[in-house]
Amino acid sequence: MDAFTTHTGTGVPLRRSNVDTDQIIPAEYLKRVTKSGFEDGLFAAWRKDETFILNDPTYAAGSILVAGPDFGTGSSREHAVWALMNYGFRVVVSSRFADIFRGNSGKAGLLTAQCSQDDVELLWKLLENEPGTSVTVDLVSRTITAGDVVAAFDVDEYTRWRLLEGLDDISLTLRHEPDITAYEQLRPAWKPVTG
Amino acid sequence: MGRTLAEKVWDAHVVRQGEGEPDLLYIDLHLLHEVTSPQAFDGLRLSGRPVRRTDLTLATEDHNVPTTPGPITDPISLTQVHTLRRNCEEFGIRLYPMGDAEQGIVHVVGPQLGLTQPGMTVVCGDSHTSTHGAFGALAFGIGTSEVEHVLATQTLPLKPFRTMAITVDGELADGVSSKDIVLAVIAKIGTGGGQGYVLEFRGSAIRALSMEGRMTVCNMSIEAGARAGMIAPDETTFAYLEGRDHAPRGEDWDAAVASWRELHTDEDAEFDAEVVIDASELTPFVTWGTNPGQGAPLSHSVPDPATMDDTERQSAERALEYMGLVAGTPLRRIAIDTVFVGSCTNGRIEDLRAAAAVVKGRRVADGVRMLVVPGSARVRLQAEAEGLDTVFTEAGAEWRLPGCSMCLAMNPDKLAPGERSASTSNRNFEGRQGKGGRTHLVSPLVAAATAVRGTLSSPSDLEPLEPLVPAADLAHQEA
């Protein structure tokens with residue numbers, strides 16, 4: 001995983017709440033067996049509407065998505081994270097994220113920056129009034145800066161550390177392999193096995 | 001202070017705790033399907049890691065499988081299924097493929113084999129893993145990176161959840177089922193209301209539910225944004241498990257039951273949040289919008305977005321536009337063209353029995369297609385042994401092979417643009433059942449009554465059937 005310290009790019013205002021993962025990437029696009037190429041499916045249904053924000057050339061190169069509350073609800077599909085990242089997004093800003101989506105993002109290296117809905121509204125206004133505005137997301141100081149707007153955001157400390165260091169979860173866990181083995185020896189014998 | 005059920009299961013699975021780190025939790029059962037696993041196996045291969053516990057891992061094919069006889073014709077679906085088969089063979093994981101006697105939807109297969117047991121941790125790359133919480137297991141959906149993590153280590157680093165009690169007391173009226181309970185809960189707390197929580201469903205109405213009803217409730221916990229839903233195990237749970245293929249036997253059974261009896265929230269435990277619902281006030285519930293929280297009692301009308309706060313209003317306006325509905329229309333006037341009975345929410349034998357009891361002796365309305373899709377090969381056999389397939393086909397419904405089917409548009413069972421369904425599945429998101437398709441989430445009873453009338457209906461809306469004249473009386477009359 002690439003380390004993430006700070007990122008500057010074009011902000012995209014997505015004025016929608018409850019953006020579920022079926023909207024981020026519909027099921028018909030989930031059939032690939034790789035982690036790449038999902039950008040075609042990103043917001044596939046909405047992109048058919050020519051007024052949809054990503055069809056505006058000013059935002060086409062966007063890398064910071066600013067969305068309404070309850071982003072990433074529904075299906076656990078990590079393809080939603082890959083689709084956003086394959087398209088070029090490095091950060092999603094929202095006042096509330098669905099748990100599984102947020103977990104998946106942290107593993108794959110997409111930053112989910114949670115800030116107040118008031119700050120989301122300020123960012124929306126700025127990005128709509130001045131399309132193409134550059135936004136800087138700084139994970140070290142946990143701030144989003146765009147024009148006059150400076151917003152603090154939350155991200156849990158452990159995910160922040162892993163992102164800053166670019167660390168892979170599995171290697172971290174395998175450092176504690178003896179603990180896993182010790183636990184296994186204490187499990188009751190009647191616990192079921194699939195074989 | 002006492003502990004909640006969720007906290008007890010959590011504590012029993014902590015492998016390691018470290019300052020400023022998430023707890024490392026042991027996973028008792030890892031279920032796999034073809035959609036969310038290929039990239040995880042790829043990751044293992046790239047780093048040269050084996051699967052740590054193939055004996056705690058099980059795979060089935062469900063999302064892509066067609067529900068009519070014959071092979072998969074979509075080449076990309078086929079690749080995904082073949083990839084799962086190759087991965088399971090290479091890594092030594094038991095797989096129930098299409099056509100196998102144990103194949104079915106992953107969340108139907110685990111419980112029916114007796115693999116899902118109280119107090120376990122169960123994960124799967126599928127958000128509806130919450131289903132297994134009905135047994136008092138801590139069960140939740142994970143992403144593909146986490147699938148790889150569990151395959152490699154049989155553990156997951158997890159931040160503690162908060163706990164929410166959802167108490168449903170009282171008796172359900174006739175024609176009201178577990179699906180109506182959970183739809184009402186989601187409408188009450190919203191699609192984000194459970195975010196960060198493990199929900200514990202409790203109260204007399206929950207205790208009175210069968211295991212299948214409890215699975216329906218826990219299945220849809222995720223639609224309230226919760227990480228998991230749980231119900232404390234009791235005699236109903238033990239009776240369901242006893243004798244199942246993977247349930248403990250003899251002395252092991254006694255030891256297991258003794259430990260399962262400890263799995264309840266202590267009287268002095270505190271929940272972080274509590275919600276109370278009066279079961280006796282519940283009526284059949286349907287959704288009108290494009291998220292599972294946008295629902296109302298069937299006796300109500302399509303709500304007016306103008307009466308809602310800003311965020312909800314925008315979402316409701318969009319939903320009504322997508323659904324092609326006008327505020328103020330009585331929900332019972334909404335005509336549908338497709339009825340789907342099935343899915344991990346309502347594809348079990350009791351669900352099929354409930355739907356069959358309503359359509360028996362009746363006909364599916366003209367212009368309506370009704371698909372009945374058992375959740376597993378076992379459910380299908382059981383239903384056929386009870387003659388339910390004949391009841392459905394005689395009523396004009398289609399009786400299908402097991403799979404996820406029309407719950408999500410990944411296989412040939414889809415809605416066409418503009419088509420409208422009454423569906424026993426779990427999500428009414430835009431395009432979920434097919435591009436441009438419109439979904440109303442309902443219980444199996446409402447689905448069946450809707451199929452007969454062609455408009456959203458409950459069984460109480462149906463004309464009573466003519467009483468059957470016993471054959472002996474007929475012979476007497478003729479003589």
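Predicted model only: the values in this text are computed from it and were never measured.

To continue, consider the overall build of chain A. A tally of regular secondary structure across chain A gives eight helices and seven strands. Expressed along its principal axes, the backbone C-alpha trace of chain A runs to roughly 65 × 40 × 25 Å. Long-range contacts, defined as pairs at least 24 residues apart, comprise 68% of the intrachain contacts of chain A with a sequence gap of at least 6. Of the roughly 7,500 Å² of accessible surface on chain A, 49% is carried by carbon and sulfur atoms.

A word on the interface of chain A and chain B. Accessible area lost during the coming together of the parts is what is often quoted as the interface size. On the chain B side, the residues contacting the 55 residues of chain A number 80 residues. Of the roughly 5,600 Å² buried where chain A meets chain B, counting both sides, 54% is carbon and sulfur surface. Among the residues chain A hides against chain B, the three largest losses belong to K31, W190 and T194 of chain A. Together they make up 15% of the total. Run the count over chain A and chain B and you get 11 salt bridges.

Turning our eyes to something else, we now look at the domain arrangement of chain B. All names here are of chain B. Along its sequence, chain B is organised into domain 1 (5-276) and domain 2 (285-461). For domain 1 versus domain 2, the separation of C-alpha centres amounts to 24 Å. Facing 43 residues of domain 1, the contacting portion of domain 2 comprises 42 residues. Carbon and sulfur atoms make up 58% of the area that domain 1 and domain 2 hide from each other, which totals about 3,300 Å². Together, T67, I105 and E212 form the three largest contributors to the area buried by domain 1 at its contact with domain 2, with a combined 20%. Our count for the contact surface shared by domain 1 and domain 2 stands at three salt bridges. Here R378 makes a salt bridge to E102, at a shortest N to O gap of 2.9 Å. Our count for the contact surface shared by domain 1 and domain 2 stands at 24 residue pairs in polar contact (both at pLDDT 80 or more). Those elements giving two or more residues to the side of domain 1 that touches domain 2 turn out to be α3 (75-91), α4 (106-112), α6 (178-189) and α8 (211-219).

All right, on to the UniProt feature "domain: Aconitase A/isopropylmalate dehydratase small subunit swivel" (unreviewed entry) in chain A then. Look at the UniProt record and you will see "domain: Aconitase A/isopropylmalate dehydratase small subunit swivel" (unreviewed entry) annotated at residues 1-117 of chain A. Segment residues 1-117 of chain A splits into 24% helix and 18% strand. End C-alpha atoms: 30 Å apart.

Reading the values: the criteria
- Residues numbered from 1 in each chain as written.
- Chains lettered and ligands numbered in written order.
- Predicted model: local features only at pLDDT ≥ 70, side-chain atom pairs only at ≥ 80, totals over all residues.
- Heavy atoms only, no water.
- Helix = DSSP H or I, 4+ residues; strand = E, 2+ residues; numbered from the N terminus.
- Contact = heavy atoms within 4.5 Å.
- Areas by Shrake-Rupley, 256 points an atom, 1.4 Å probe, with all protein chains shown as cover.
- Buried area = accessible area lost by both parts, 1.4 Å probe.
- Salt bridge = Lys/Arg side-chain N within 4 Å of Asp/Glu carboxyl O.
- Domains from an automatic or database assignment.
- Polar contact = N/O pair within 3.5 Å; in protein donor to acceptor, adjacent residues only side chain to side chain.
- UniProt positions renumbered as here; feature names shortened; annotations may be inferred.

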